[in-house]
Every structure is written in structure tokens, then in C-alpha cells.
Number of protein chains: 2
Amino acid sequence: MGKKEKVKVSFNINKKENFSNWYSEILDKAEITDIRYNVKGFVVIRPLGAFLIENLYKLWETELQKRGHFPVFFPTVIPEENFKKESQHIEGFSPEVFWLEKKGEEKLALRPTSETAFYQLYSLWIRSWRDLPLKLYQRANVFRYETKATRPLIRAREFYWLESHNCFASREEAEKQVQEDIETTKKIMYQKLGIPFLPLKRPEWDKFAGAEYTIGSDVLMPDGKVIQQPSTHLLERGFAKSFNIKFTNKEGKEEYVWQTCYGPAVSRILASLISIHGDDSGLVLPFCISPIQVVIVPIYTMKNKRKIWKKVQEIKNKLEQEGIRVKIDDSEKTPGEKFYFWEVRGVPLRIEVGEKELKEKLTLFLRDEKRKIKVDLKEIKKQGLNLDKRLKRKADKEFKNSIINCKSLEEVKKTLSQKKIARCNFCFIDKRGEKCAEIVEKNFLAFVRGIRHDIKEKPTGKCVVCNKKANVVVYIAKSY
Amino acid sequence: MGKKEKVKVSFNINKKENFSNWYSEILDKAEITDIRYNVKGFVVIRPLGAFLIENLYKLWETELQKRGHFPVFFPTVIPEENFKKESQHIEGFSPEVFWLEKKGEEKLALRPTSETAFYQLYSLWIRSWRDLPLKLYQRANVFRYETKATRPLIRAREFYWLESHNCFASREEAEKQVQEDIETTKKIMYQKLGIPFLPLKRPEWDKFAGAEYTIGSDVLMPDGKVIQQPSTHLLERGFAKSFNIKFTNKEGKEEYVWQTCYGPAVSRILASLISIHGDDSGLVLPFCISPIQVVIVPIYTMKNKRKIWKKVQEIKNKLEQEGIRVKIDDSEKTPGEKFYFWEVRGVPLRIEVGEKELKEKLTLFLRDEKRKIKVDLKEIKKQGLNLDKRLKRKADKEFKNSIINCKSLEEVKKTLSQKKIARCNFCFIDKRGEKCAEIVEKNFLAFVRGIRHDIKEKPTGKCVVCNKKANVVVYIAKSY
């Protein structure tokens with residue numbers, strides 16, 4: 001299939017009703033990933049996907065650096081002895097670990113996450129309270145042998161993330177960091193990219209292996225399943241004890257450090273970005289993150305070709321001076337083919353320049369609303385920012401309408417069948433509540449995702465499962 | 001060891017005479033790497049190293065994108081069947097490959113390089129001449145089981161690079177790409193970073209496994225050994241045939257594509273950057289790449305503290321408006337401790353602000369010349385650019401003085417013992433010359449590195465080894 005043929009593809013799949021198919025097709029047609037690599041669970045990220053992942057990394061790295069984190073690169077391999085140091089951790093991760101064939105004496109794992117790599121060095125780097133806080137992160141690919149069905153970007157055996165590992169002198173500071181991580185997530189994922197989420201404190205039985213507690217960010221995908229986005233963990237001092245990470249405090253006494261970690265999986269965030277904003281015609285990318293923010297399509301005849309091209313170049317130069325990422329589509333396709341090509345790929349704004357536009361205002365196509373308006377060149381940036389606001393507003397509304405208060409298991413069932421999240425009174429999210437959660441899971445294949453961490457929600461009745469006094473308000477959802 | 005104690009370290013090692021020690025110590029004292037990770041050949045890259053690696057990536061990625069390359073991310077694992085498709089390639093790499101313990105049916109390798117990952121997909125992506133040229137790259141970590149002694153950044157079992165893999169419709173275009181790659185190397189490594197190198201066409205027996213020919217960039221390290229920096233390979237059509245990468249040409253006929261690949265190893269380039277410009281007092285970083293370009297050290301008493309801090313903040317703001325990366329050292333160290341701290345870490349410019357500087361010009365310390373001058377604030381950027389020019393000029397001079405014309409093996413021996421590169425007449429760099437190269441290797445533990453690719457050099461006498469007619473001018477050096 002040559003370039004000529006490729007562009008004739010049109011895209012028209014009902015995202016809401018047939019999400020699974022929509023998702024697979026858009027990754028293929030917008031050339032984000034290729035699933036034909038010959039290893040199960042490993043996909044190839046194509047240029048559009050790679051640019052988006054790079055841009056997501058940039059957003060998170062900039063924000064983390066602003067908040068006092070520094071980058072590092074740790075080895076991809078972790079020796080077995082490190083893993084064994086924290087028993088809960090190895091128990092949680094060992095079924096998922098890829099091991100290397102032995103070369104030397106040591107047995108090596110491909111990192112599924114890097115606590116046990118970082119913390120060995122932390123025990124060497126930290127000596128006194130002056131070395132704290134220590135806030136480091138790395139951009140890294142990690143490996144997990146998923147046994148459930150894999151899906152590109154959503155659940156793969158290799159994925160791309162950032163992991164930040166932090167040490168503090170007190171529990172108070174560590175908890176502040178957890179709060180800061182949630183703010184970082186909110187600032188980028190919600191305020192910038194327009195992806196709404198629930199910051200939920202996970203139930204005891206669902207926390208990170210080795211953590212005291214875990215706050216996950218649940219995003220609702222169009223098929224009614226939530227997906228965990230950045231999670232942040234208060235590690236208490238379990239790892240510090242296993243790895244002997246101590247500091248001398250201001251009084252000259254030795255203490256173990258308090259630790260947190262935070263892990264935005266950028267490839268999975270990309271999956272949400274695609275799924276939340278995309279529509280039945282393909283991708284819709286926020287202006288702020290799109291590798292191409294404005295595509296210019298010249299529409300000319302042999303007669304006015306020169307004038308049109310001059311104008312098109314002028315527009316490009318002006319926009320680039322404003323820091324906008326612009327592409328002129330100078331391919332041999334017809335204008336109609338070009339429109340399709342960039343619509344499927346989600347370019348937020350398209351400027352069409354024909355004979356009329358030489359004299360009058362520009363014709364601007366808004367990808368999200370799929371309509372054309374007339375604008376001055378100097379309005380383009382504002383139009384981009386407005387588009388992002390609309391995307392956020394739309395996603396917000398949908399998300400709010402998808403959280404339903406449920407007073408009975410019957411209502412929970414109905415809510416889940418409508419691809420929504422059930423908000424209910426519940427007995428406990430510590431060990432005492434696990435039985436009730438198991439009933440939910442068994443009956444509905446759904447999960448008690450936890451309680452709100454950003455606000456305090458007071459239960460007013462009885463547990464939706466066991467009917468005993470409710471102590472918490474939980475969110476129940478199907479999940480990836 | 002707390003922060004207080006760390007800063008008291010001073011650095012004073014003769015780089016030229018004791019390079020090996022200098023190199024190990026500077027990596028440690030400037031906190032670039034940590035070798036205490038408990039797996040042989042794998043080191044931890046600390047913040048200064050990570051920032052520099054990020055900046056190097058940025059330089060190369062910007063340049064590659066300008067020249068029409070697009071980013072991708074391929075899986076880290078490569079199935080054995082892909083490897084086996086190109087016999088020379090597997091033969092060249094298989095001793096170095098890390099294999100994973102089998103999980104499914106397929107045997108998986110950690111990529112030592114990604115030709116056999118990319119090219120399987122290229123056979124699916126390329127159909128017609130319209131799909132060409134295809135120019136893709138990825139930033140990636142690669143894995144090689146080195147059996148020689150490992151050295152941080154120089155030879156490690158995991159390292160950080162970019163690999164660009166390109167397909168063309170004709171040999172001519174492919175050779176043009178090889179030329180372009182050399183220009184890219186020259187533009188960044190030499191013109192920007194001030195690291196001189198020889199672009200050498202490798203002898204037949206030393207080319208990349210699966211290539212028709214290889215151009216390597218040899219940088220001379222202070223211990224007299226050359227290190228290969230970015231190499232670019234004309235793959236001819238061996239891989240295209242093994243992976244069945246064909247296109248329909250404009251005449252409608254099927255042809256195999258012509259391929260090239262290019263691999264700047266950014267972690268190894270960092271090793272050269274450190275080694276070429278560093279001096280006996282520590283790191284010296286070029287202004288253009290240093291994560292901190294200007295450090296400001298306030299020198300105050302209780303009396304003028306407020307005024308000094310105000311001034312320092314003003315200077316920082318003004319410089320940041322110019323796009324300069326500035327840090328105020330507001331730690332509790334003494335000014336002397338601060339000077340040492342940033343000198344070892346190679347910060348190119350230091351501004352000292354005391355009572356005098358409130359009225360007169362600023363005091364600027366130039367890291368490369370280790371002297372202070374008086375300047376106006378608006379000159380700072382120019383001083384940074386000048387510093388880079390001086391570094392380049394100094395490296396240039398040293399490099400030129402290190403290439404010695406040798407007419408006999410005796411002279412070669414003497415040149416090598418003086419930590420220099422021997423330039424000699426030689427019989428052949430195809431198979432016919434291999435015996436002579438073996439004699440060089442056996443006698444001097446040195447290597448025939450190849451012939452100049454950027455200029456044509458005519459031999460005027462006889463082969464320095466066999467005394468038969470010389471057909472080429474080669475460069476002989478010890479190497480990493």
C-alpha cells in the first residue's frame with residue numbers, strides 16, 4: 001500500500017458503542033502504534049505516538065524539576081538479592097518479572113519498577129539530615145509479564161513511564177510529597193490535558209506491594225472501565241529498614257528515612273488522552289500537546305498557485321514566530337484527501353488557503369467541533385487554547401454524569417451496565433472490608449477502587465453489601 | 001558523609017599523566033556516575049550525568065528532526081528468529097547478547113542494536129517509491145555483554161544512544177545519507193561541543209556486522225587511546241534481502257531498498273566531553289551544554305546581606321531573560337567551599353557578588369582559564385560563547401599535534417608511546433591488508449583504524465609494514 005492509497009482511508013466508528021474496535025482501529029489508522037511486531041505484548045510506537053510520548057515526558061519532567069526533583073538513570077537490570085530484601089515487594093511483583101539467562105554469578109531481573117535499584121544507592125547517598133529531602137526521578141521503560149490479555153499502550157509487557165523516588169526526614173514531609181504528586185497529576189493531566197480523574201486512596205488489599213498506602217488516579221474510559229493513571233505511594237519505612245537507609249537527625253540520632261514514590265506511566269496516559277478526546281472520526285488532540293498544532297492546506301489552481309504558496313508560507317512563518325508548531329501539507333494528495341488524513345490524526349486546527357483567503361479572513365477548521373469558522377491570523381493561538389477548554393469542559397461533563405450514587409447492589413449493577421462508576425456507602429477499606437469487596441467482584445466483575453483522597457466524604461447510611469454501618473464512601477467500577 | 005563534609009573535597013590530579021585515575025575520580029567527585037551498583041558493568045547515572053545526557057539527546061534529536069528523521073520506539077526485546085535472519089549480523093553480535101529466560105515459545109534477546117527489530121516492520125511499511133526515503137530513529141538503551149574490562153560511560157553493559165535506520169530507493173541516496181550523518185556528527189560534536197575527531201572508513205575486517213562499509217568517528221582520549229564516537233554504516237542490501245524490504249519503483253518494478261544506519265552513543269560522547277575538556281582541577285563543561293551555565297556566589301556580611309541578595313536576584317532574573325541557565329548558590333557553605341564545589345563540577349562561568357560588585361562591574365570567573373575578569377552583566381552570554389571557542393581551539397591544537405606522520409614501524413612505536421596517532425602509508429584496507437594489520441596489533445597492541453572519509457589522502461611511498469606499494473594512508477592508534 002503506497003502513500004497514495006493510504007490517504008483514502010476514512011474513519012467512522014462509534015466510539016461509545018464499540019470502543020474496543022474504535023481503539024484498535026485508531027491506533028492503526030492514525031499510525032500511533034503497530035501491533036505486528038512478533039513478540040506478544042510488545043508493540044512498536046510509530047512517529048505520532050513517539051512525539052506524543054516525548055511531549056508527555058516533557059510536561060512531567062518540567063513540572064517535577066520545578067518542584068525540586070532531579071533526573072537520574074538507573075540500570076534496567078536489578079539483581080535478585082535486591083529484590084529479596086523487601087518481602088512484600090517481591091511477593092507482589094515476582095510472578096510478573098522477566099529474568100535474564102545467567103551470565104555471571106548473579107541472577108538479574110528486568111525492572112518491573114525500580115525501588116530495589118534506587119534504594120540500594122540511597123543507603124549510600126544519605127548520611128545526615130542535610131542530605132534530605134532527596135527527590136530523584138528517571139524516565140524509563142519497565143517490563144512486566146502480564147498474563148491478562150495485553151492491549152497497546154493500556155497493558156503491555158514493556159511500557160514507558162517516569163518513576164520518582166523520594167526520601168524525607170519525617171512522615172509529615174512524606175505525606176506532603178504525596179499531596180504534591182496529586183497536585184502535579186491534576187495540573188498536567190486534568191488542567192492541561194483535560195482528562196478528569198478521581199484521586200482515590202486504594203483499599204488495603206489493593207495497595208502497592210510494600211506501601212503503607214497508595215493513591216491512584218482513576219480515569220473512566222469510554223467502555224465504562226476505569227484505568228489507573230499516576231499513582232503515588234507512601235512507603236512508610238519498610239523499604240528504608242530493608243535497605244538500611246538511615247540519616248543522622250539534627251539531634252545527632254540515627255533514624256530511618258520516610259519514603260514516597262510516584263509513577264506516571266506516560267504510555268498509558270497516552271491511551272487515556274486518545275480515548276477521552278477522540279471521536280467517531282478519529283483522534284482529537286489537545287492543542288497544547290499535539291506535535292502538529294496547525295496544518296495548512298493550500299487549495300490552488302495552476303493559475304493562482306504561486307500566490308497561494310506565498311501566502312501559505314507567510315502564514316507558517318508568522319505562526320512559528322508565535323511558537324506554534326505548523327505543517328504545510330505539500331503532498332500530492334487532493335485537498336479532500338488531506339482533510340481526512342489530518343482529521344484522523346487529530347490535528348486540532350486546519351487552515352485552508354484558497355483564492356478567497358487571499359483577500360478575506362482565513363478559513364479555520366476546528367477538529368473538535370468539525371466546523372469551519374472565519375478568523376484573522378492573530379486569533380489562531382487563542383482558537384487553540386479555546387479548543388483545549390472545550391475538550392476539558394466536554395470531558396468534565398461526561399465524567400460528572402458518569403458517577404452515580406447507588407444505595408443498593410441492584411443500583412450498582414445497573415450503573416455498571418450503563419458504563420458508569422457507582423458511588424456507595426461501604427463498611428471498611430481496611431482488611432475488614434475485603435469480604436464485601438469480594439462479593440462485588442464475584443457478582444459484577446467490578447472492584448472497590450477506594451475512597452476520595454482530595455476531599456472528605458461522609459457516609460450517611462449502611463454498607464451497600466453487608467448492610468452494616470458504613471464508615472466510608474467508595475467508588476466501584478469495572479477496570480482494566 | 002553529610003553535605004557539609006562533601007564540599008571540602010578539592011580536586012588536583014594530573015589528567016595527562018594519570019588519566020585513568022583522573023577519569024575515575026572526576027566521575028565520582030563531580031557526581032556524574034556511581035559505580036557501586038551491585039551488577040558488574042552497570043552504573044548509576046547521577047543528576048549531573050543525567051542532565052548532560054538529556055542535553056546531548058536534545059542536540060542530536062533536534063538535528064535529526066531538522067534533517068527529516070522521525071522518532072519511534074521499538075521494543076527492547078528482539079526474538080531470536082529476527083536475529084537469525086542476517087547471518088553476518090548474528091555472528092558479529094551473538095557473543096555479546098543477553099538472553100531472557102524463556103516465558104513463552106520465543107527466545108528473546110535484549111537489543112544490542114535494533115536493525116533486526118526495525119527491519120521486520122520496514123518490510124511491512126514500505127511498498128512503493130512513495131514510501132521512501134524512510135528515516136526513523138529512536139533514543140534507546142542497549143545491552144552488550146562486554147567481556148573486556150568495563151569503564152563507566154566508556155564501555156558498559158548498558159548504554160544510552162540514538163539509532164537511526166534509513167531506507168532509500170538508490171545507492172546514491174544512501175551514500176548521501178552517510179555523508180549527512182558525518183555532517184551531523186561534525187556539526188554537533190566538533191563545531192558545537194569542541195570535540196575534534198577523524199572520520200575514518202574502517203578496514204574491511206573492522207566494519208559493522210552486516211555493513212558494506214562503516215565510517216567511524218575517532219576521538220583521541222588523553223591517555224592516547226582513540227574511542228569510536230558516532231558511526232554510520234552503508235548496509236548495502238544485505239538486510240533488505242534477509243528481511244524482504246522491497247519497494248515498487250516508478251517503473252512499476254520491485255526492488256530491494258538501500259539502507260543506512262547511524263548510532264551516536266550519547267553516554268560515550270559524554271565520556272569524551274568530560275575527558276577532552278576537563279583539566280587537573282576537575283570538569284570543564286562547554287557553556288552550550290552545561291546544565292548550569294552561570295553560578296552566582298553571593299559574598300556578604302550581616303550588614304550588607306540584604307543588598308547583596310537583592311542584587312544577586314536581579315542578576316539571575318536578567319540572565320534568565322536571556323535564556324541562560326543560572327543557579328544562585330544559597331547553601332550554608334563558605335564562598336571558598338562554593339568555589340571548589342562548582343569548579344570540580346565544571347560550571348563554565350561564576351559570578352561573585354560582594355560589596356564591590358554593588359557599585360562596580362561584576363567579577364566573573366572563567367572556569368577554563370581559571371582567572372577572574374571584570375565584566376558588565378550584558379557581556380555574560382558573549383563570555384560563555386567565547387569560552388566555548390577557547391575550548392574548541394585548545395582541543396583542536398592538541399589534536400593536530402597528536403597526529404604524527406610515520407615512515408617506519410619504529411616511528412609508529414614511538415608515536416604510540418607518546419600517546420599519539422600514527423599516520424602512515426599502508427598496503428590495503430580490504431582483506432589483503434589484514435595480515436599487516438595483525439602485525440601492528442601483535443607488536444603494538446594498536447589498530448589500523450582506517451582511511452579518511454572526508455578527504456582523499458594519497459599515499460606517496462611504501463606500506464609501513466610489508467614494504468610493498470602503499471595504496472592508502474591509514475591512521476594507527478591504540479583504542480578502547
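Keep in mind it's a predicted model, so treat the numbers as computed, not measured. (Residues numbered from 1 in each chain as written. Chains lettered and ligands numbered in written order. Predicted model: local features only at pLDDT ≥ 70, side-chain atom pairs only at ≥ 80, totals over all residues. Heavy atoms only, no water.)

Visitor: Please set out helix α15 (residues 434–444) of chain A residue by residue, giving values where relevant.
Guide: Residues and elements named next belong to chain A. For α15, every residue scored as buried is listed here: Cys436, Ala437, Val440 and Phe444. All buried residues of α15 project into a common sector of 100° when viewed along the axis, lining one side. Across α15 from its buried face, at more than 90 degrees, point the exposed residues Lys435 and Lys442. Among the structural elements, α14 (409–417), β20 (421–426), β21 (447–452) and β22 (472–479) are those in contact with the buried residues of α15. Leu445, located one to two residues past α15, shows a positive phi value of around 50°. (Buried < 20%, exposed > 50% of the residue type's maximum accessible area, 1.4 Å probe, protein only. Helix = DSSP H or I, 4+ residues; strand = E, 2+ residues; numbered from the N terminus. Arc of directions from axis to C-beta. Contact = heavy atoms within 4.5 Å.)

Visitor: Could you give an account of the domain arrangement of chain A, with specific residues and numbers?
Guide: If you check the domain split of chain A, you get domain 1 (7–277), domain 2 (294–387) and domain 3 (403–479). Here the C-alpha centroids of domain 2 of chain A and domain 3 of chain A sit 49 Å apart. (Domains from an automatic or database assignment.)

Visitor: Help me get a handle on the side chain of Asp368 of chain B, residues and values and all.
Guide: As for its placement among the helices and strands, Asp368 of chain B is situated in the loop between β17 (362–366) and β18 (371–375). Of the polar contacts made by the side chain of Asp368 of chain B, one reaches the side chain of Arg390 of chain B; its length is 2.7 Å. (Polar contact = N/O pair within 3.5 Å; in protein donor to acceptor, adjacent residues only side chain to side chain.)

Visitor: Tell me about the sheet that holds strand β16 (residues 349–353) of chain A, and please be specific about residues and values.
Guide: Residue and element names in this part refer to chain A. Spatial strand order, β15-β14-β16-β17-β18: 5 strands in an open sheet with mixed pairing. The open sheet has two edge strands, β15 (326–328) and β18 (371–375), and neither has a second partner. Taken pair by pair, the neighbouring strands of this sheet meet at an average axis angle of 25°, ignoring direction. Strand direction decides the pairing type here: strand β14 (residues 294–298) and β16, joined by 5 bridges, are parallel. Residue Val295 lies in a different strand from β16, and its bridge partner there is Arg350. Across the sheet, helix α11 (residues 335–344) touches β14, β15, β16, β17 (362–366) and β18, and the angle it forms with β14 is around 170°. (Pairing = 2+ DSSP bridges. Axes fitted to C-alpha atoms, helices over the stretch in contact; angles between N-to-C directions.)

Visitor: Outline the relation of the copies chain B and chain A, supporting the account with residue identities and numerical values.
Guide: Of the transformation superimposing chain B on chain A, the axial component is 0.0 Å and the angular component is 180°, with the fit at an RMSD of 0.0 Å. Both chain copies can therefore be described as sitting about a two-fold axis. For chain B, the residue whose C-alpha comes nearest the rotation axis is Leu100 of chain B, separated from it by 2.1 Å. Comparing interface residues between copies, 100% of those in chain B also lie at the interface in chain A; the contact surface is shared. (Least-squares fit on C-alpha atoms with pLDDT ≥ 70 in both.)

Visitor: Give me the packing of helix α2 (residues 19–29) of chain B against helix α9 (residues 266–277) of chain B: which residues, what numbers.
Guide: Residue and element names in this part refer to chain B. With their axes 11 Å apart at the nearest point, α2 and α9 run at an angle of 115° to one another. When the axes of α2 and α9 are compared, the pair comes out roughly perpendicular. Relative to α9, α2 is oriented so that their crossing is right-handed. Seen from α2, the contacting residues are Phe19, Trp22, Tyr23, Ile26 and Leu27; seen from α9, they are Ala271, Ile274 and Ser275. Tallied by class, residues from the contact of α2 with α9 come to 7 nonpolar, 1 polar and no charged. (Parallel < 35°, antiparallel > 145°, perpendicular 65-115°, else oblique. Left-handed = near helix turned anticlockwise from the far one by under 90°. Nonpolar A, V, L, I, M, F, W, Y, C, P; charged D, E, K, R; others polar.)

Visitor: Which residues make up the interface of chain B and chain A, and what are the values?
Guide: Contacts between chain B and chain A engage 64 residues on the former and 64 residues on the latter. Here chain B meets chain A over a buried area of about 5,700 Å², counting both sides, of which 59% is carbon and sulfur. For the chain B face of the interface with chain A, the top three residues by lost area are Tyr37, Phe73 and Lys103 of chain B, together amounting to 14%. At the boundary of chain B and chain A, one finds 0 salt bridges. Linking chain B with chain A are 18 residue pairs in polar contact (both at pLDDT 80 or more). It is helix α3 (residues 47–66) of chain B that contributes the most residues to the side of chain B that touches chain A, 7 residues altogether. Across the side of chain B that touches chain A, the residue classes break down as 35 nonpolar, 9 polar and 20 charged. (Buried area = accessible area lost by both parts, 1.4 Å probe. Salt bridge = Lys/Arg side-chain N within 4 Å of Asp/Glu carboxyl O.)

Visitor: Describe the pairing of β21 of chain A, naming the residues involved and giving the relevant values.
Guide: When strand β8 (residues 198–201) of chain A meets β21 of chain A, the two strands line up antiparallel, connected through 2 bridges. For Lys201 of chain A, the partnering residue across the bridge sits in β21 of chain A and is Ile451 of chain A.

Visitor: Account for the packing of aromatic side chains, with residues named and values stated.
Guide: With the rule as written, the count across this model stands at 40 aromatic pairs over all chains. Aromatic pair Tyr119 of chain A and Phe243 of chain A: ring centres 6.3 Å apart, planes at 85°, arrangement edge-to-face. One end of the pair, Tyr119 of chain A, is in helix α6 (residues 115–125); the other, Phe243 of chain A, is in helix α8 (residues 238–243), and 124 residues separate them in sequence. Neither Tyr119 of chain A nor Phe243 of chain A differs from the other in exposure class; each is buried. Relative to Tyr122 of chain B, the ring of Phe118 of chain B lies with its centre 5.9 Å away and its plane at 85°, an arrangement referred to as edge-to-face. (Phe/Tyr/Trp six-rings, centres within 6.5 Å; stacked < 30°, edge-to-face > 60°.)

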